[in-house]
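# Fold and contact review
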Amino acid sequence: MEYDISYRPEELIPLVTELAEKYTGFEHSSISYERAQSLMEAVMYCIQTYERSAGDRMLSAINPSADEACEAGRRIILDKAAELRRLYNQMIPDFQDYGSPYLRDIITTGIPQFLQSYDPLYAPQETLLTLDYPLLKDILSLNGIDAILTCLRCICLEQEFLHGLDHFYVSEVLQAACAGASLPPENLLSIVLPNVIGHILLAKPFDHIGFVQREYDALEDILQKAAGDELENHMARLINRFAGHLCHGNLPLQEYLGLGIRDMTVRLRNCLQHHTLETLIFA
């Protein structure tokens, strides 16, 4: 993991030395190279956290020392860890995995383990989890509390959208997607959204599950008319209006759903080209 910070190595070494002394209980200062490297990463992670937050929120002091920046970053990390716990406790009573073992694992096992094992002092940069459930948002560049908190925020937005739909409808869509087998390691919204689009375009009630050939013909005709560069924008407008109505204008949710529009549009174009809408819109 690379850290982009504005301090020179000679400014960081005293912080690592101090952290190493705390780590060893001040009994000795001899630690392995691997541990020293890990503690250096911990210091850089804290400073990077501060600098990113200061830039985003206009909180930066005038030329803070490396020690001040590190300590400020550590406080932000602690706040994020507290937010993770609060958000998790708020979400878990109504959580539904909808049959996804990957989503179930990260929520029922992964995050509790992270909350129990995360070390914001000596290893704040450690993600600890593999995060096998894919999100619409790319978080590959994140690590530590940033990765886990961002992941949970995304899952909470997904849960809000899916809870807004009829549970029977969502279950039918996902069961049809996997044909009775276990759901693949795929984002649930990437499966549900194209089917939602199908219902919206045809003004088809969500309690009427499944499409017949004349409906596929009608969908293809509607989509072909917007199959050029405007298709992506058209899909975005439809999803934004629907999500705004379903979830009372939740802007973060609309922004998150927007991250999946381009991929869905690519798949729609491919289906239109090969006349295979039934492989994407089926319930």
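Before going further, it helps to examine unusual backbone geometry. The phi dihedral of L131 is positive, around 55°, even though this residue is not glycine. One can find L131 in the loop between α4 (101-117) and α5 (144-164). With phi around 50°, A203 is a residue other than glycine that occupies positive phi space.

Counting residues in hydrophobic clusters, the biggest one holds 93 residues, and the most contacted among them are I107 and F161. Looking at this core, the element that brings in the most residues is α5, giving 11 residues.

Attention now moves to the pattern of salt bridges. Within the structure shown, the criterion is met by 12 salt bridges. Measuring nitrogen to oxygen at the nearest pair gives 2.9 Å for the salt bridge that ties K204 to E215. Highlighted residues: K204 in the loop between α7 (188-202) and α8 (213-224) and E215 in helix α8, separated in sequence by 11 residues. We classify E215 as buried; its relative accessible area is 13%. R262 serves as the salt-bridge partner of E232, at 3.3 Å between the closest nitrogen and oxygen. Within this pair, whereas E232 is found in helix α9 (residues 230-246), its partner R262 is found in helix α11 (residues 261-274), the two being separated by 30 residues in sequence. One network of salt bridges, with partners in common, ties together R8, E10 and E11.

Thresholds, definitions, all that
The numbers attached to residues start from 1 for each chain and follow its sequence in the written order. Where local features are concerned, this predicted model is filtered to residues with pLDDT of at least 70; where side-chain atom pairs are given and counted, the filter is 80 or more; whole-chain, interface and lining totals use all residues. Remark: hydrogens and water are excluded; side-chain values derive from all non-hydrogen atoms of the structure. Secondary structure elements are taken from DSSP: a helix is a run of H or I of four residues or more, a strand is a run of E of two residues or more, and numbering for both begins at the N terminus. Note on terminology: a nonpolar core comprises buried Ala, Val, Leu, Ile, Met, Phe, Trp, Tyr and Cys residues joined through side-chain atoms within 4.5 Å. Here's how the labels work: a residue is buried when its accessible area is under 20% of the maximum for its type, exposed when over 50%, partly exposed in between, all with a 1.4 Å probe on protein chains only. Here a salt bridge means any side-chain nitrogen of Lys or Arg lying within 4 Å of a carboxyl oxygen belonging to Asp or Glu.

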